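# Overview (structure and organization)
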Amino acid sequence: MAIQQRNRVEARAEMARALAMNGFEEVHVLNHETTDEVLTPKRRELLERLAEEEYRSVRALARAVDRDKGAVSKDLHTLAKHDLVAYEEHGASKAPQLRHQTIVVEPVVFEHES
């Protein structure tokens, strides 16, 4: 891992610790390069729904947001890949759940040499 990348990983971890120390629980800092891909409006809606209510299956969540189950499943897979959603097994069903109570996007920092 390049030094700059390692510094960014350390900075994200430090940010998460600082937020946790100031009352934010279960903090996850999302890399800013992936934010547009990961936090689309439809995926944000899924995260908001999961924060408000528990769903016993992907199908139940899809019904709640009036979307196709396959599309919701694909969006949940992307959110899970970025550690925002996890699944709890309920027999043949998988219940999507939030992994973190607080999701923060890494700040964009531009360094300018004078």
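Scroll up for the structure.
Okay, so let's go over this structure. Note that the structure is predicted; figures quoted are calculated from it, not measured.

Calculation criteria
- Residues numbered from 1 in each chain as written.
- Predicted model: local features only at pLDDT ≥ 70, side-chain atom pairs only at ≥ 80, totals over all residues.
- Heavy atoms only, no water.
- Helix = DSSP H or I, 4+ residues; strand = E, 2+ residues; numbered from the N terminus.
- Buried < 20%, exposed > 50% of the residue type's maximum accessible area, 1.4 Å probe, protein only.
- Contact = heavy atoms within 4.5 Å.
- Salt bridge = Lys/Arg side-chain N within 4 Å of Asp/Glu carboxyl O.

A separate point is the overall build of the protein chain. The helix and strand tally for the protein chain stands at five helices and four strands. When the elements of the protein chain are put in sequence order from the N terminus, they spell out α-β-α-α-α-α-β-β-β. Considering the protein chain as a whole, with its 114 residues, one finds that 32% of them fall into the buried category. Across the protein chain, the fraction of contacts at a sequence separation of at least 24, relative to all contacts at a separation of at least 6, is 55%.

This paragraph deals with the pattern of salt bridges. Under the definition given, this model contains three salt bridges. Among the ionic pairs, Asp75 bridges to Arg43, the shortest N-O distance being 3.0 Å. Here Asp75 is found in helix α5 (residues 69–81), whereas its partner Arg43 is found in helix α3 (residues 41–52), with 32 residues between them in sequence. Side by side, Asp75 and Arg43 carry an identical accessibility label, which is buried. Across the salt bridge formed by Arg99 and Asp83, the nearest N and O atoms sit 2.8 Å from each other. Residue Arg99 is located in the loop between β3 (93–98) and β4 (102–105), and its partner Asp83 is located in the loop between α5 and β2 (85–90); the two are separated by 16 residues in the primary sequence.

The analysis is restricted to geometry; functional conclusions fall outside its scope.
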